[in-house]
Amino acid sequence: MHTTASDGWPSPAQLVDHAARRAGLNVIAVTDHDTIEGALRAAEHAARRRRLHVIVGEEVSSRDGHIIGLFLERRVKPGMSAAATVHSIHDQGGLAIAAHPFWRTTRQVRNGPVHGVGWLAAELDFDGVEVENATPGFYLFNQLAHRLNLGLGAAELGCSDAHIIDAVGRAFTEFPGTTTEALRRAIESGETRAGRQRYRAMGLMRYAAWGLNHERYVAVV
Ligand SMILES: [Zn+2]
């Protein structure tokens, strides 16, 4: 999930409050683009609540596409190869997830075109593959990721990739247990299951608004 620390709309505190009260989630991973600041603030805010646990993560813009690092202690710098990025995540005890591996767009941001790592998801030492991404319009990319992972047998993850509150929980990962440690064990042993839930109409409209606003933001950058 993304916060105001990168291109998300909710602040870390708003995200935590919503996920705890409304979305029925036990664990969330805050993974802002190329920074762990949002995740650290979310974790601090959640520490005062009993039910919701926050994993400190980052969506790293590697040279070869987006890679999610979970259970991070330090920021992983963007711009490295996918192999070096996965290595750097593992080096600090984190888990590396191939985010939306087959998503492609020609949109340019500061660090180059935006996309997933594609078939590198099968070649590198990923701990899991995101097979359900809740971004509207990702159906085909998700199908391809499912296919890829059938052959791989890596842990499957459902991630909302939420940039707005309405997206929280629209894709999710089921696992035995309710804590960050339990999720980690489930990923490591391949016991996760990715799920999906429909958007409400208002949520889709707000996502469209976010998209417009975000394009403008990207153009200015
Ligand atoms: Zn991404």
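Right, let's walk through the structure included here.

1. Thoughts on the overall build of the chain
Piece 1. Regarding its fold elements, the chain presents seven helices and ten strands.
Piece 2. Expressed along its principal axes, the backbone C-alpha trace of the chain runs to roughly 40 × 40 × 30 Å.
Piece 3. Here the chain holds 221 residues, and 52% of them are scored as buried.
Piece 4. Considering only contacts within the chain whose residues lie at least 6 apart along the sequence, 63% involve residues at least 24 apart.
Piece 5. When the accessible surface of the chain is split by element, carbon and sulfur atoms take 51% of a total near 10,800 Å².
Piece 6. Charged side chains in the chain number 24 positive and 24 negative. The centres of these two groups are separated by 8 Å.

2. Some remarks on unusual backbone geometry
Backbone geometry follows two general trends: most residues other than glycine have a negative phi, and most peptide bonds adopt the trans configuration.
Piece 1. Of note, Asp34 is a non-glycine position whose phi angle comes to about 60°, a positive value.
Piece 2. Position of Asp34 among the secondary structure elements: in the loop between β1 (27-33) and α2 (37-46).
Piece 3. Here the phi dihedral of His100 falls at roughly 25°; this positive angle occurs in a residue that is not glycine.
Piece 4. Checked against the element boundaries, His100 lands in the loop between β4 (95-98) and β5 (104-109).

3. A word on the sheet that holds strand β8 (residues 155-159)
Piece 1. Taken together, six strands build an open sheet; the order of strands is β1-β2-β3-β4-β7-β8 and the sheet is mixed. At either end of the open sheet lies a strand with only one pairing partner, and these are β1 and β8. Going from strand to strand, the sheet's axes swing by 35° on average, the running direction of each strand aside.
Piece 2. In terms of strand pairing, β1 meets strand β2 (residues 53-62) through seven bridges, oriented parallel. Note on β2: the bridge partner recorded for Ile28 is Val54.
Piece 3. Packed on one face of the sheet, helix α5 (residues 139-152) meets β7 (128-133) and β8 and runs near 150° to β7.

4. With respect to the environment of Asn142
Piece 1. With respect to the helices, strands and loops of the structure, Asn142 is situated in helix α5.
Piece 2. Overall, Asn142 belongs to the buried group, its relative accessible area being 4%.
Piece 3. Along the backbone, Asn142 and Gly190 are 48 residues apart, and their C-alpha atoms lie at a distance of 18 Å.
Piece 4. Every residue in contact with Asn142, bar those within four places of it in the chain, is listed here: Val131, Glu132, Asn133 and Arg196.

5. A few points about the pattern of salt bridges
Piece 1. Applying the stated criterion across every chain, the model contains four salt bridges.
Piece 2. Across the pair Arg206 and Asp166 runs a salt bridge, and its minimum N-O distance is 2.7 Å. Of this pair, Arg206 sits in helix α7 (residues 201-220) while Asp166 is found in the loop between β8 and β9 (171-174), placing the two residues 40 residues apart along the sequence.
Piece 3. Overall, the relative accessible area of 37% leaves Arg206 in the partly exposed class.

6. Section: the side chain of Thr85
Piece 1. Examined against the element boundaries, Thr85 turns out to sit in helix α3 (residues 82-91).
Piece 2. When near neighbours in sequence (up to four residues on either side) are disregarded, Thr85 contacts Val60, Ser62, Ile67, Val76 and Met80.

7. What about the coordination of the zinc ion?
Piece 1. Only Glu59 (OE), His66 (ND1) and His100 (NE2) from the protein coordinate the zinc ion, and they sit 1.7 to 2.1 Å from it.
Piece 2. Read from N- to C-terminus, the donor residues coordinating the zinc ion fall into the pattern E-x6-H-x33-H. In this pair, His66 is assigned in strand β3 (residues 65-70) and His100 in the loop between β4 and β5, connecting sequence segments 34 residues apart. The same class applies to His66 and to His100, which are both buried.

Reading the values: rules and limits
- Residues numbered from 1 in each chain as written.
- Predicted model: local features only at pLDDT ≥ 70, side-chain atom pairs only at ≥ 80, totals over all residues.
- Heavy atoms only, no water.
- Helix = DSSP H or I, 4+ residues; strand = E, 2+ residues; numbered from the N terminus.
- Buried < 20%, exposed > 50% of the residue type's maximum accessible area, 1.4 Å probe, protein only.
- Contact = heavy atoms within 4.5 Å.
- Areas by Shrake-Rupley, 256 points an atom, 1.4 Å probe, with all protein chains shown as cover.
- Lys, Arg positive; Asp, Glu negative; His and termini not counted.
- Charge placed at Lys NZ, Arg CZ, Asp CG, Glu CD.
- Pairing = 2+ DSSP bridges.
- Axes fitted to C-alpha atoms, helices over the stretch in contact; angles between N-to-C directions.
- Salt bridge = Lys/Arg side-chain N within 4 Å of Asp/Glu carboxyl O.
- Donors = N, O, S within 2.8 Å, 3.2 Å for Na, K, Ca; no water.

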